[in-house]
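Read off the chains here:
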Amino acid sequence: MVKTIQTGNNKLPDTEKILSILNKNKKRMKMYLRICAHCSLCAESCFLYNTKNKDPVYMPSHKVINSIGRLYKKKRKIDRNLLEEVKEIAWKRCVLCTRCYCPLGVDIPSMISLARTICRSQNILPEFHEQS
Amino acid sequence: MVKGKVKPLEEITESIKKYKKVLNIGCGGCVSVCLAGGQREVIALNEELNLFFKNRNIDILIEGYTVERPCNNQYLIELDEIIPSYDCLISMACGAGVQHIAERYPDKPVFPALDTIAIGIDRDVGLYEERCRACGECVIGYTGGVCPVTRCAKGLYNGPCGGVLKDKCEVNADNYCAWVMIYNRLKEQDRIEDIINVRPATDWRNQVQRTIVQKKYEHRYNKR
Amino acid sequence: MYEFIRGPMAWVSFLIFISGSAYQIIGFFRNTSKQEEFAFSKPSYVQHTRGQPVNKKLLSFKDIKYSIKYSMIGFDPFFSVITIIFHICILILPFLLYEHNAIFEILWGFPLSPFTLPENVSDILTFTIIACIFYFILRRIFIRRVRSITTFYDYYILFIVAAPFITGFLLLHNIFSYKTIAIFHILSVELLFISLPFSKLSHMFFFILNRFYIRNEFSFGKGDRIW
């Protein structure tokens, strides 16, 4: 039997593991989510936002609020569908180039990477050979 | 970007067989894109390794963890608390990632599980081709977009050599001669004069480690 | 009622504001850490720039021009100007208002600031603030990227900020019952003070802390901390 740290069966997400990751980073992430002024000034710093026809779903704050923000809101009620949506946001709408700039100092890349870590812990991954 | 290939299983098992508890660190960046060292490949390699040691009745526990990009300190922080419980680490990141992990955890032996091959392009699923060797002085401006360092077996800056046979390379007959390609391309674009002048060859002697500081940010580091 | 919100309530809200701000600022420094300076070998860096002279100046005019062009001022000049005006107005108006200074002179024996604004200037500032807030509301409704992340909470925050200025204007010009409006004015300011450190209005500290302490492309000062 292979035992791995990042594992999980394919039916139900391991809530305890997600919660432990969420709680470990709670203070910082809650602070980020609280100080985000929803000002949308981060939009222009994202190259994906600029190339994808200025579609608001590519705006850094939109990505953060809808991925890590929703995970913190749902907590125990996180299900596989939500994680699949978070996966879409964390991988397909962000390449983690760390060039986004928040005037209020929110560390956006660390939030996206935490969302990715949570997906990874449940073995929810992007399919690199399907994309191109 | 960076392309790599998993090392032969024997080489990996040889390096870790002395240890009891091993952590396999994957990378979610370039090597994950070339299907060599992402989380899926980490799990697959771990299964293979566990089977290998089980068949030989060797008691080794191999676990896996994938971080976003081991070449950035920010993404290694999450490893800090799980690493102390392991005897050794193997990493499926590229050479840069493995070295960065080794630098961050000085007391843990780190072994590469991947051969980092080149900076290349994606041809097909699982099929990649080398395009750049990061020599640091790009010349493809005057060679018509064909890199003489990677595409020419001899890395000639003023080619071709005498071994061209029917447009093919004498070292490997499957490869086209880079300098024939360069000539044809420049001729089509009417800029043959670009390769008429003799260019000095790259100074390969001084292969010191390079540090990159972007022009705009030089003022930050000049004080030191 | 009036005495209560003017006395103990004001002190309580002020204390909450001070302690909340201290909590946020300490939290910022606890959540960030100093980045160790990376010592790289200078010869290899100079060699890699292939003998080009190393930029010795702190920042050239060209770099500053480039930074401005690719910063918010370059991307959205109108909004940048509006926010700058708005923030300057809300910071100076309460301190330079003649009536506030007069009240404080009666209460504590000294005014808040050595000089005050004439009445028509403070009226203009109030109108500017209200117009700016109106623009922010319109922006939240009509600009697609802002609408996509706007919640009810954002309008509530705009309301909290607008309320003291609207009631203050009504108070100065004696519209409606003076006493009721005064109660509302003091209450709205106290609400603002209480919610400031704990809502997104805390960008008051984080904007400055971020600009001066966080390592970033656009940091002023040394910027040697990382999250």
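Residues numbered from 1 in each chain as written. Chains lettered and ligands numbered in written order. Predicted model: local features only at pLDDT ≥ 70, side-chain atom pairs only at ≥ 80, totals over all residues. Heavy atoms only, no water.

(A) Spatial organisation of the overall build of chain B. Tallying secondary structure elements over chain B gives eight helices and seven strands in all. Along the three orthogonal principal directions, the C-alpha set of chain B runs to about 65 × 50 × 30 Å. Residue burial in chain B is summarised as follows: out of 224 residues, 42% are buried. For chain B, the exposed area adds up to about 12400 Å²; of that, 52% sits on carbon and sulfur atoms. Both charge centroids of chain B, one from 31 positive and one from 30 negative side chains, sit 4 Å from each other. (Helix = DSSP H or I, 4+ residues; strand = E, 2+ residues; numbered from the N terminus. Buried < 20%, exposed > 50% of the residue type's maximum accessible area, 1.4 Å probe, protein only. Areas by Shrake-Rupley, 256 points an atom, 1.4 Å probe, with all protein chains shown as cover. Lys, Arg positive; Asp, Glu negative; His and termini not counted. Charge placed at Lys NZ, Arg CZ, Asp CG, Glu CD.)

(B) Region of interest: the sheet that holds strand β5 (residues 110–112) of chain B. All names here are of chain B. The four strands are arranged β3-β2-β4-β5 in an open sheet whose pairing can be described as parallel. Two strands close off the open sheet at either side, each with one partner strand: β3 (61–67) and β5. Averaged over all pairs of adjacent strands, the angle between strand axes in this sheet comes to 25 degrees, irrespective of strand direction. Where strand β2 (residues 21–27) meets β3, seven bridges bridge the pair, whose relative direction is parallel. Across the sheet, V22 pairs through a bridge with I62, a residue of β3. Against the sheet, helix α1 (residues 9–16) engages β2, β3, β4 (88–91) and β5, with an angle of about 160 degrees to β4. (Pairing = 2+ DSSP bridges. Axes fitted to C-alpha atoms, helices over the stretch in contact; angles between N-to-C directions. Contact = heavy atoms within 4.5 Å.)

(C) A look at the domain arrangement of chain B. What the domain assignment reports for chain B is domain 1 (2–118) and domain 2 (134–207). On a C-alpha basis, the centres of domain 1 of chain B and domain 2 of chain B stand 37 Å from each other. (Domains from an automatic or database assignment.)

(D) Quick peek at the sheet that holds strand β7 (residues 127–132) of chain B. Residue and element names in this part refer to chain B. In spatial order, the strands read β1-β6-β7; together these three strands make up an open sheet with antiparallel pairing. Where the open sheet ends on each side, the last strands, each with one partner, are β1 (2–6) and β7. For this sheet, the mean inter-axis angle between neighbouring strands, taken without regard to orientation, is 70 degrees.

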